[in-house]
Amino acid sequence: MANLTLVQAINLALAQEMERDDRVVLLGEDVGVNGGVFRVTEGLAQRFGEHRVQNTPLDESGIIGVSIGLAMAGMRPVPEIQFDGFLGPAYDQIVNHAARFRNRTRGAITIPLTIRVPVGGGIHAPELHSDSPEAIYAHSPGLKVVMPSTPRDAKGLLTSAIRDPDPVIFFEPKRVYRAYREEVPEDEYTIPIGKAKVVNEGDDITVITWGASVFQCLEAMDALPEDVSLELIDLRTIDPIDTDTIAASVEKTGRCVVVHEAPVTCGLGAEISSRIQERCFLNLEAPVQRVGGFDTIMPYYKLELDYLPDAQRIGKGIMECLAY
Amino acid sequence: MPKTTVYTASIENLQILDEDGVLDESLAMEDGRPILTDEQVMYLYEQMWIGRHLDEVAFKLQRSGRMGTYPQNKGQEANAAAAGLAMKKGSDYIVPAYRENIAMHMHGLPYHYILLHWMGDERGNQIPEGALLTPLSVPIGTHMLHATGIAWAFKLRKEPDRCAITFFGDGATSEGDFHGAMNFASTLSVPVIFYCQNNQWAISVPREQQMNSPTVAQKALSYEIPAIQVDGNDVFAVYKAVRDARRHCVRNGGPYFIEGVTYRLGDHTTADDARRYRSDEEVSVWAGKDPLIRTRKYLVNREAWNDERQFELENRAKKIVHEIVAAAEGIEAPRVSDIFSHMFAELDNDLRRQRDTMRTSSIGQDPSQIGLRSQPQNA
């Protein structure tokens, strides 16, 4: 075991997969000698050579486009897009190409590709450095979308993503990057894509979240009245959604709150609450409650903590749901 | 049939004021006078000095937790200052990236707005009435299309003496939108100046990893846009290039491309540490080409500058920057409801409800539904 931050756990997963499989190559802006702007690829260019940890031109569309080519030709590219807000130029390549090749070639050409993207707010960053676009990509067929919240999950899930035969967007909550350390197995292991994790077991209400919001939910949980028994689920994979774990919990509790940083309208909370009413309608004691970002542009950092769901607002949502 | 040459290309480099502050008279003189008067050079020197001092104070504000991430302009000031002077205030449009503080200020943006932006406050982008510029652009290489569109509007409305200038870095030339902007500008033939501040580094990626071409300027030739490379640390060369480019744009109606060869003396931003990827030797070579040093030498040689003037400027700069910081820090806190205030000309019902209940409800549930079950069911 090693005591690692999220950054270090991801770095270790990348190093182990590069060691294990020569086809794995990293590419992106500043991922080389500089180790990426968050130092996630620190030391990898020095260890594996700059030909396997390639600094690229400043061109997000290009980064994903050539990664698709690499993947077609038998490599296992792991491109980095520097910030969530800079996914824009790469959207065409991700949604119109990476996501579609398997289907449009009837399986003849496949794209094993893992796109790493730091995501989310709360770190006092400039504009376009704090967005949560996971629902956009979950809505796009042909992509898997993963967002771990802990170092241990990140290492296992990234290993699975790199070995996955299809394109995966791997969102890394930057608010958690160096927030804490956790014991992480040094040996390689995988955590399956598509499996949620029950962080805390409880009977009265289910709270579903992912990414950095897991920690705000834990804070909210600690502030609840002692007699409230809360079940907290960390989705870990956004798409495919682990509906079985969600349904099993809500069948037990009858109440559910979904929490995410992204704007609430057409956010993942809408999809999850729809699945709950499809699977657990007769178990529900209250409408499924969503606590998300407002339907506004992510504000600059002076107001970002008023925008992001914090423990207080999540706690309100939980109490509102319990009171129904 | 012999092969024929159907296209040849070359790029000229212009330097007028060298690193020692010595002026090339043959290039600098027009009608018996230098293209910049001593008063103009002094003005540019003072603007660069104040800009540099603000830059250094901004760095310290970030380090002491009083401001967020900040990208220093240090070393590149001559580009923004001389280009800003060559453009016509109140009629031309400035479309910056984020290392053109001086040009933005010269064209009407109060300096404390720039600090406000990096202090995480959108009010720093609230361009004052009459100032013709767009806010600092954080996404790389996307805003040159906007400048092209602005120039197109000038053309459509037949406004003859107007021109747009857009600034961007060497890294931005890798983005597809950069090429789109040049192609639109060229095919539509609109009055826009593309000014590349080639500062040699895109965060940690050096120019030679960014592109294999020896100049940035040559990229414009493939769009049939006239292009020149200038010493971007030379106020005379930058001023002449932009002034001539503007004349070309206004007279001929088409775009122009300028590559200012310069250097980012600081880190990419305060979140970066350039010592990780570039050598001290390289930095010190470029420190010797500092635009402030050579401009001052020139003025001293002309006997237009002396130690007393320098002392007065430094004190004035301190006072000005102190007031800028006080204005940025003294602004009242934004209202939390401002998150909603500027989403649309008129807020829809959903947004109004979210705004009105943001302090009292969790947002997900219609407030009228909260506690419904606990109310008497059969009343």
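Not measured: the values here are computed from a predicted model.

## With respect to the overall build of chain B
Across its full length, chain B holds 15 helices and ten strands. Here the C-alpha coordinates of chain B stretch approximately 95 × 70 × 45 Å along the principal axes. When each of the 379 residues of chain B is scored for burial, the buried share is 55%. For chain B, the separation between the mean place of its 41 positive charges and that of its 51 negative charges on side chains is 3 Å.

## Remarks on the side chain of A:S132
All names here are of chain A. Relative to the elements of secondary structure, S132 occurs in the loop between strand 5 (114-119) and helix 6 (134-138). Separated by 3.4 Å, the side chains of S132 and E261 make a polar contact. Sequence-distant contacts of S132, defined by excluding residues within four places in its chain, comprise V119, G120, E261 and A262.

## Overview of the sheet that holds strand 6 (residues 192-198) of chain B
Residue and element names in this part refer to chain B. Pairing in this open sheet of six strands is parallel, and the strands run 1-9-10-6-5-4 from one edge to the other. Two strands bound the open sheet, and with one partner strand each, they are strand 1 (13-14) and strand 4 (93-95). Inspection of the sheet shows strand 5 (residues 164-169) paired to strand 6 by six bridges, in the parallel sense. Bridged to A164 within strand 6 is V192. Relative to strand 6, helix 7 (residues 176-188) is tilted by about 150°, and along the sheet it contacts strand 5, strand 6 and strand 10 (256-261). Along the sheet, helix 10 (residues 235-252) makes contact with strand 1, strand 5, strand 6, strand 9 (227-231) and strand 10, crossing strand 6 at roughly 155°.

## Remarks on helix 3 (residues 60-72) of chain A
All names here are of chain A. For helix 3, spanning 13 residues, the distance from its first C-alpha to its last is 19 Å, which sits close to the expected 18 Å at 1.5 Å a residue. Looking at helix 3, one finds that the buried residues are E60, I63, I64, G65, S67, I68 and A71. Its buried side turned inward, helix 3 meets strand 2 (24-28), strand 4 (76-80), helix 4 (91-98), helix 5 (101-104) and strand 5.

## Let's talk about the domain arrangement of chain A
Interface size is commonly expressed as the accessible area that is lost once the parts come together. Residue and element names in this part refer to chain A. Under the domain assignment used here, chain A contains domain 1 (2-184) and domain 2 (197-323). Here domain 1 and domain 2 have C-alpha centroids that lie 26 Å from each other. Across the domain 1 to domain 2 interface the summed buried area is about 2,100 Å²; carbon plus sulfur atoms make up 55%. When residues of domain 1 are sorted by the area they lose upon contact with domain 2, H124, M147 and R175 head the list and together hold 24% of the total. Our count for the contact surface shared by domain 1 and domain 2 stands at two salt bridges. Its salt-bridge partner being K197, residue D153 comes within 2.7 Å of it at the nearest N-O pair. Contributions of two or more residues to the side of domain 1 that touches domain 2 are made by helix 6, strand 6 (144-146) and helix 7 (151-163). Of the residues forming the side of domain 1 that touches domain 2, the biggest block, four residues, is contributed by helix 6. Taken together, the residues of the side of domain 1 that touches domain 2 break down into 14 nonpolar, eight polar and six charged.

## As for the packing of aromatic side chains
Residues and elements named next belong to chain A. Scanning the entire structure with this criterion turns up 19 aromatic pairs over all chains. Relative to F171, the ring of Y137 lies with its centre 6.4 Å away and its plane at 55°, an arrangement referred to as tilted. Of this pair, Y137 sits in helix 6 while F171 is found in strand 7 (residues 168-173), placing the two residues 34 residues apart along the sequence. By relative accessible area, which is 3% here, Y137 ends up buried.

## So, the domain arrangement of chain B
Domain parsing of chain B yields domain 1 (13-330) and domain 2 (338-369). For domain 1 of chain B and domain 2 of chain B, the distance between their C-alpha centroids amounts to 41 Å.

## Quick notes on the environment of B:N199
Residues and elements named next belong to chain B. One can find N199 in the loop between strand 6 and strand 7 (201-202). You can call N199 buried: its relative accessible area is 4%. Once the C-alpha coordinates of N199 and A245 are considered, the two residues, 46 residues apart in sequence, prove to be 21 Å apart.

## Some details on the interface of chain A and chain B
In this assembly, 44 residues from chain A lie in contact with 54 residues from chain B. Summed over both partners, the interface of chain A with chain B comes to about 4,100 Å²; 55% of that surface belongs to carbon and sulfur atoms. For the chain A face of the interface with chain B, the top three residues by lost area are A:L58, A:Y300 and A:Y324, together amounting to 17%. On the surface where chain A and chain B come into contact, there are three salt bridges. We note a salt bridge from A:E42 to B:R276, for which the minimum N-O separation is 2.9 Å. Run the count over chain A and chain B and you get 14 residue pairs in polar contact (both at pLDDT 80 or more).

The rules we used
- Residues numbered from 1 in each chain as written.
- Chains lettered and ligands numbered in written order.
- Predicted model: local features only at pLDDT ≥ 70, side-chain atom pairs only at ≥ 80, totals over all residues.
- Heavy atoms only, no water.
- Helix = DSSP H or I, 4+ residues; strand = E, 2+ residues; numbered from the N terminus.
- Buried < 20%, exposed > 50% of the residue type's maximum accessible area, 1.4 Å probe, protein only.
- Lys, Arg positive; Asp, Glu negative; His and termini not counted.
- Charge placed at Lys NZ, Arg CZ, Asp CG, Glu CD.
- Polar contact = N/O pair within 3.5 Å; in protein donor to acceptor, adjacent residues only side chain to side chain.
- Contact = heavy atoms within 4.5 Å.
- Pairing = 2+ DSSP bridges.
- Axes fitted to C-alpha atoms, helices over the stretch in contact; angles between N-to-C directions.
- Expected span 1.5 Å × (residues − 1).
- Domains from an automatic or database assignment.
- Buried area = accessible area lost by both parts, 1.4 Å probe.
- Salt bridge = Lys/Arg side-chain N within 4 Å of Asp/Glu carboxyl O.
- Nonpolar A, V, L, I, M, F, W, Y, C, P; charged D, E, K, R; others polar.
- Phe/Tyr/Trp six-rings, centres within 6.5 Å; stacked < 30°, edge-to-face > 60°.

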